[in-house]
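Listed below are the residues making up each chain.
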Amino acid sequence: MAGVAGGNDFQWCFSQVKGAIDEDVAEADIISTVEFNHSGEFLATGDKGGRVVIFQHEQEVHFCKNRPHLRGEYNVYSTFQSHEPEFDYLKSLEIEEKINKIRWLPQQNSAHFLLSTNDKTIKLWKISERDKRAEGYNLKDEDGRLRDPFRITSLRVPVLMPMDLMVEASPRRVFANAHTYHINSISVNSDHQTYLSADDLRINLWHLEITDRSFNIVDIKPANMEELTEVITAAECQPNQCNVFVYSSSKGTIRLCDMRAAALCDRHTKFFEEPEDPSSRSFFSEIISSISDVKFSHSGRYMMTRDYLSVKVWDLNMENRPVETYQVHEYLRSKLCSLYENDCIFDKFECCWNGSDSAIMTGSYNNFFRMFDRNTRKDITLEASRESSKPRGTLKPRKVSTGGKRKKDEISVDSLDFNKKILHTAWHPKENVIAVAATNNLYIFQDKIN
Amino acid sequence: MQHKSKMAGADGDDSLYPIAVLIDELRNEDVQLRLNSIKKLSTIALALGVERTRTELLPFLTDTIYDEDEVLLALAEQLGNFTMLVGGPEYVHCLLPPLESLATVEETVVRDKAVESLRKISQEHSPVDLEVHFEPLVKRLASGDWFTSRTSACGLFSVCYPRVSSTVKAEIRQHFRTLCSDDTPMVRRAAASKLGEFAKVLELDYVKSDIISLFTALASDEQDSVRLLAVEACVSIATLLPQEDLETLVMPTLRQAAEDKSWRVRYMVADKFSELQKAVGPEITKNDLVPAFQNLLKDCEAEVRAAAANKVKEFCENLPEDSRETIIMTHILPCVKELVSDTNQHVKSALASVIMGLSTILGKDNTVEHLLPLFLAQLKDECPEVRLNIISNLDCVNEVIGIRQLSQSLLPAIVELAEDAKWRVRLAIIEYMPLLAGQLGVEFFDEKLNTLCMAWLIDHVYAIREAATCNLMKLVEKFGAEWAQNTIVPKVLGMANDPNYLHRMTTLFCINALSEVCGQDITTKQMLPVVLKMSNDQVANVRFNVAKSLQKIGPVLDSNALQTEVKPVLEKLDTDTDMDVKYFAQEAISGKYTTLSIFFLYEVASLGPRSLLVVLVLCQTHRSTMCPAECVSQCER
């Protein structure tokens, strides 16, 4: 996968776009999370309206120049309302229905399961198929007319007949009342029986089958809230070791905890922090160093963190600095003041790995998203836009001018649209297929087969 | 028409109608109706006859696994008792397909129930059928694509193993081995939890050759959740092996588990310590388990220390008699002494709940010399649960050294608990009052504790006042009516003139509780006049409680008092302006009790309209599972 970020092997091309084309976007339609399942056959999105949409990859055989060519499209498989707006009467607080995170469970039978969460409540959903229907009643005939009860001379047992495939989503469990603050992360443990959920100050561990109790494993709430200096921004379980998890903080640090050591993981096992460069210190240093996302590599050896301006890859065996640092949009460093004024500086960009951990992807403004090839150190900026959405059209690399003179094909920093931001992206676990959420549209791109 | 129908009915056909309804409701929209039908599945099967049950009903049920969990659970349970309905043991294998599909659903309770039913009907298979039908099913499940089916298979090996041929036995052992090293932790957990059970049905040679290696592998699994289940298996395996093999086959693994890196595994060892101790026998206990137990009592994780502390008494009891006292005095007691001042209150509280039991094991002298200082220290502990646990186990010490030894420290501890800021703590100590009173005797009680008992009657939490009322009744049962007349009745009746209506009502509640134990004389002469006088109270809640009290104490009074004194007052209350007062007056007159729910609402209402409102809001908006007394107490706070 050496050529992921603009090498010679392949180019990214447009595959599909989902969502309305209208200019005025309804708030509820804004996509708030994107997640592939473990095989990549399914892709789930959640939105601010509390809905979850699941797409299924359908293999189709196209004939292109008389040669069969395997191409797949993601089509809607199931749509359901996961969360509804609520009101906390005791605290006079509105609870938004916005889906903060979706996590798929490892498949356990023919049905599929996922966890979805808003600010307060986590739900376990089952998505299953049904293709048979029972037929034949005793008390009514085929047309639905009631039979005379006294004329029933024999008993009929219903018979199952094939019918059109129906996909059902049913809520299996609701994990509520455990978070005082807003849930920012959920992560399924590799033991397949527990998961953790993190809010601003606490991390809880749940058993997937028990909804009425959870264990608090991290609590950073100070006795006096005036002494509060940092909050938890993200947390994730190590993909192979059931006892290890990490959480990131608004101070730009990451703590790794071992659940074997103690029931309460207030004391971390490892502490990842890069010493600050005193020369670049400014008023905004602390804000931009806040980590908005942390993701383990599939191998479990590395983790990636996203702060406002960069993505860092850490080796779990080295705590004092990241092994790789990639600048996402360094040209914004001079713009921090205005980004602070329009609140953009608090945007929480997420990041993701490709299936083989050789490349990473994260979002930026102006509907730009960035990919970095870890082997070649090459990077590329692409744009998710309607204009480039021609069937199988290749995506042209974009460039933002950083110097005084703007070259041809370059975009000046001042003309970037800060309302168009790509916060959520996902990479197929096995293929070069990516899903990019741009406001209310979901773009799917894939590698062009030459 | 009418006539014709009746004719058909006379032919006996309408007897099918209820069955027809049941069959149709198997797929009603309403879950409750489906559940109802499934629960009457045997009725349906009986009506259909064995033939149609096998050919039509079971195939339909096999494909009905889309339903709600509770319906599937009921179905899985029903099928376990279906053998006769499909034609007896000869046809019992017809039940396998539906149970097989139920054994693959994702819901653990349903799967477990399906496995339970499969285990049950496996006994009804002939040895031939077992090999032809049952064993292939186990194999299918064991090699299923999804881990749900493989986990279910783990529970079935042990039931078919003893009854199959040796070739099939070899296959079963192989399948079990495969599942023990399955890719998913779910399956390894299921295998680990069934390891002990499977070991029990295996020939001893195979236990040594197969099971031990599986046990060792599972006990060093990378997943904590698998390793900790191996501890449980350790108990069963150790019981199966001859003593001389334990040291080489089991002990290395057990020692490793007791020092596992994960506190959850060590916790499991601590939690299962008594079972382990019995399984490995006295010699290994002395040499290995005593030091292991000491380490667990000193573990760095509080959860582990608490689990070990809980086992102190049982462990000491089960020590070999010849060396019991020495081991306790030299090895266990020093650790226990440290735990008394542990930093974690759960640890101290766990210890406090069992430490008193050591006195019977150690005898009078050791108790006075070594344990008493610990009891006294725990009685002064800052954490109320610790003190409570000591007090609640006083009877053990009482038998050995008598409670007087403790009374000097006991009293301040009780007084402090009685005034604790947490109402649950106050509630807990009230519940021990009758016991304490019995052990300390009436004089001590009158002198020191009586005032406390009376003070609880005017506590600001209803649950405490209620418990205090009940407490008085139990005290009177212990000390007798004469004592009541002299010490508590005057005080209770005095509260009838209290300016606070809640206290006036407490008088009534006390009278309700005390009338029977105090007897007719005291009730008629002292209590009744007060109750009657209170019927003129300005607060309606007091007045309707008068009606309720009169109904309550009615049986204790003689008919003369009822006719001349009670009846006129009830009749007066029946004309009250307040509808609730009227209602309860009528209830009392007719002698009927209200339904429980209304009774509850009025109880709550008697605490004032605001409480009622809050309770209702709480119950409705949060579907609170709190008991009413708790709700109310919280409202008051």
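Residues numbered from 1 in each chain as written. Chains lettered and ligands numbered in written order. Predicted model: local features only at pLDDT ≥ 70, side-chain atom pairs only at ≥ 80, totals over all residues. Heavy atoms only, no water.

**Structural notes on the overall build of chain A**
Part 1: The helix and strand tally for chain A stands at two helices and 32 strands.
Part 2: In terms of C-alpha radius of gyration, chain A reaches 24 Å, essentially the compact-globule figure of 22 Å for 450 residues.
Part 3: If you line up chain A on its principal axes, its C-alpha atoms span 95 × 65 × 40 Å.
Part 4: Per-residue burial for chain A yields a buried fraction of 53% across its 450 residues.
Part 5: Taking all contacts inside chain A whose residues are at least 6 apart in sequence as the whole, residues at least 24 apart take part in 55%.
Part 6: If the 58 positive side-chain charges of chain A are averaged to one point and the 66 negative ones to another, these points end up 4 Å apart. (Helix = DSSP H or I, 4+ residues; strand = E, 2+ residues; numbered from the N terminus. Rg over C-alpha atoms; globule rule 2.2 N^0.38 Å. Buried < 20%, exposed > 50% of the residue type's maximum accessible area, 1.4 Å probe, protein only. Contact = heavy atoms within 4.5 Å. Lys, Arg positive; Asp, Glu negative; His and termini not counted. Charge placed at Lys NZ, Arg CZ, Asp CG, Glu CD.)

**As for the packing of helix α23 (residues 358-379) of chain B against helix α26 (residues 404-418) of chain B**
All names here are of chain B.
Part 1: One way to put it is that α23 packs onto α26 with a least axis distance of 9 Å and a crossing angle of 10 degrees. On the basis of their axis angle, the class for α23 and α26 is roughly parallel. Residues V368, L372, F375, L376 and L379 of α23 lie in contact with α26, whose contacting residues are Q405, L406, S409, L410 and A413.
Part 2: Residue composition of the contact of α23 with α26, by class: eight nonpolar, two polar and no charged. (Axes fitted to C-alpha atoms, helices over the stretch in contact; angles between N-to-C directions. Parallel < 35°, antiparallel > 145°, perpendicular 65-115°, else oblique. Nonpolar A, V, L, I, M, F, W, Y, C, P; charged D, E, K, R; others polar.)

**Some details on the interface of chain A and chain B**
Part 1: Taken together, the contact between chain A and chain B spans 43 residues of the former and 45 residues of the latter.
Part 2: For the pair chain A and chain B, the two sides together bury roughly 4200 Å², of which 54% comes from carbon and sulfur.
Part 3: On the chain A side of the contact with chain B, L155, V157 and R260 of chain A bury the most area, a combined 18% of that side's loss.
Part 4: Where D69 of chain B meets R172 of chain A, a salt bridge forms, and the shortest distance between an N and an O atom there is 2.5 Å.
Part 5: For the pair chain A and chain B, the interface holds 22 residue pairs in polar contact (both at pLDDT 80 or more).
Part 6: Listing elements by their share of the side of chain A that touches chain B, those giving two or more residues are β10 (122-135) and β11 (159-175) of chain A.
Part 7: Considering each element in turn, the side of chain A that touches chain B owes the most residues, seven residues, to β10 of chain A.
Part 8: Across the side of chain A that touches chain B, the residue classes tally to 17 nonpolar, 13 polar and 13 charged. (Buried area = accessible area lost by both parts, 1.4 Å probe. Salt bridge = Lys/Arg side-chain N within 4 Å of Asp/Glu carboxyl O. Polar contact = N/O pair within 3.5 Å; in protein donor to acceptor, adjacent residues only side chain to side chain.)

**A closer look at the nonpolar core**
Part 1: By size, the foremost hydrophobic cluster in this structure holds 229 residues, and its most contacted members are I237, V312, I355 and W456 of chain B.
Part 2: With 15 residues, helix α32 (residues 501-534) of chain B is the single largest residue contributor to this core.
Part 3: Once residues lying within four places of it in the same chain are set aside, the contact partners of I355 of chain B are V336, V340, L374, F375, Q378 and I390 of chain B.
Part 4: Residues I288, Y308, Y331 and V413 of chain A belong to the second largest nonpolar core, which totals 19 residues. (Core = buried A, V, L, I, M, F, W, Y, C linked by side-chain atoms within 4.5 Å.)

**Here's the deal with the pairing of strand β3 (residues 42-47) of chain A**
Residues and elements named next belong to chain A.
Part 1: Across the six residues of β3, six count as buried, placing the element largely inside the fold.
Part 2: Here β3 shows a buried face lined by F42, A44 and G46 and a second buried face lined by L43, T45 and D47.
Part 3: Note that strand β2 (residues 31-36) and β3 share five bridges and pair antiparallel. Bridge pairing links V34 to T45 in β3.
Part 4: The antiparallel hairpin formed by β2 and β3 contains five residues in its connecting segment, where G40 sits at a positive phi of about 85 degrees. (Pairing = 2+ DSSP bridges.)

**Remarks on helix α18 (residues 273-297) of chain B**
Part 1: Between the first and last C-alpha of α18 of chain B there are merely 12 Å, a value that for 25 residues lags more than 12% behind the 36 Å anticipated at 1.5 Å per step.
Part 2: Largest kink in α18 of chain B: about 120 degrees, centred on G281 of chain B, with the proline P282 of chain B one to four residues after it. (Expected span 1.5 Å × (residues − 1). Bend = angle between axes of the 7 residues up to and from the residue.)

**What about the pattern of salt bridges?**
Part 1: For the structure on display, the rule yields 58 salt bridges over all chains.
Part 2: The closest approach of N and O atoms between D47 of chain A and R51 of chain A, which form a salt bridge, is 3.0 Å.
Part 3: With relative accessibility at 26%, the residue R51 of chain A sits in the partly exposed group.
Part 4: Across the pair K348 of chain B and E382 of chain B runs a salt bridge whose closest N-O atoms are separated by 3.9 Å. Remark: E382 of chain B occurs in the loop between α23 and α24 (384-392) and K348 of chain B occurs in helix α22 (residues 345-354); sequence separation between them is 34 residues.
Part 5: On the basis of relative accessibility, which here comes to 5%, the residue K348 of chain B falls in the buried class.
Part 6: One network of salt bridges, with partners in common, ties together K126, R172 and R173 of chain A together with D69, E106 and E107 of chain B.

**Re the sheet that holds strand β31 (residues 433-438) of chain A**
Residue and element names in this part refer to chain A.
Part 1: Strand order in the open sheet formed by four strands is β1-β32-β31-β30, with antiparallel pairing between adjacent strands. Both outer strands of the open sheet, β1 (12-18) and β30 (424-427), are each paired with one neighbouring strand and no more. Strand-to-strand, the axes of this sheet are offset by a mean angle of 20 degrees, without reference to chain direction.
Part 2: Bridge count between β1 and strand β32 (residues 441-447): six bridges; the pairing is antiparallel. Bridge pairing links Q16 to I444 in β32.

**A word on the side chain of D210 of chain B**
Part 1: Note on placement: D210 of chain B falls in helix α13 (residues 204-219).
Part 2: Not counting residues within four places of it along the chain, the set of residues in contact with D210 of chain B comprises R173 and R177 of chain B.

**Focus on the confidence of the model for chain B**
Residues and elements named next belong to chain B.
Part 1: Here chain B averages 85 in pLDDT, while 90% of its residues score no lower than 70.
Part 2: A low-confidence stretch, residues 1-12 (pLDDT under 50), is modelled with five contacts involving residues beyond four sequence positions or located in other chains.
Part 3: Overall, residues 609-637 carries pLDDT values under 50, and its contacts beyond four positions in sequence, including any with other chains, amount to 38 contacts.
Part 4: Among the scores for the predicted complex, ipTM is 0.83 and pTM is 0.80. (pLDDT = per-residue confidence, 0-100.)

**Considerations on the sheet that holds strand β12 (residues 185-188) of chain A**
All names here are of chain A.
Part 1: If you walk across this open sheet you meet the four strands as β12-β13-β14-β15, and the pairing is antiparallel. The open sheet has two edge strands, β12 and β15 (215-219), and neither has a second partner. Neighbour-to-neighbour, the strand axes of this sheet turn through a mean angle of 20 degrees, independent of strand direction.
Part 2: One ladder, built from four bridges, connects strand β14 (residues 202-207) with β15; its direction is antiparallel. Of the residues in β15, the one forming a bridge with R202 is D219.

**Here's the deal with a nonpolar patch on the surface**
Part 1: On the surface, a cluster of nonpolar side chains totalling about 340 Å² of accessible area is made up of F283, Y340 and F346 of chain A.
Part 2: Along the chain, the position of F283 of chain A falls in the loop between β19 (270-272) and α1 (285-289). (Patch = residues over 30% accessible without salt bridge, like charges linked within 9 Å, V, L, I, M, F, W, Y side chains within 5 Å. Areas by Shrake-Rupley, 256 points an atom, 1.4 Å probe, with all protein chains shown as cover.)

**Some remarks on the packing of helix α9 (residues 147-154) of chain B against helix α12 (residues 185-201) of chain B**
All names here are of chain B.
Part 1: As a packed pair, α9 and α12 sit with axes 8 Å apart at the nearest point and diverge in direction by 5 degrees. With respect to their mutual orientation, α9 and α12 come out roughly parallel. Counted together, F147, R150, T151 and C154 of α9 and M186, V187, A190, A191 and K194 of α12 form the full contact between these two elements.
Part 2: In the contact of α9 with α12, the residues fall into six nonpolar, one polar and two charged.

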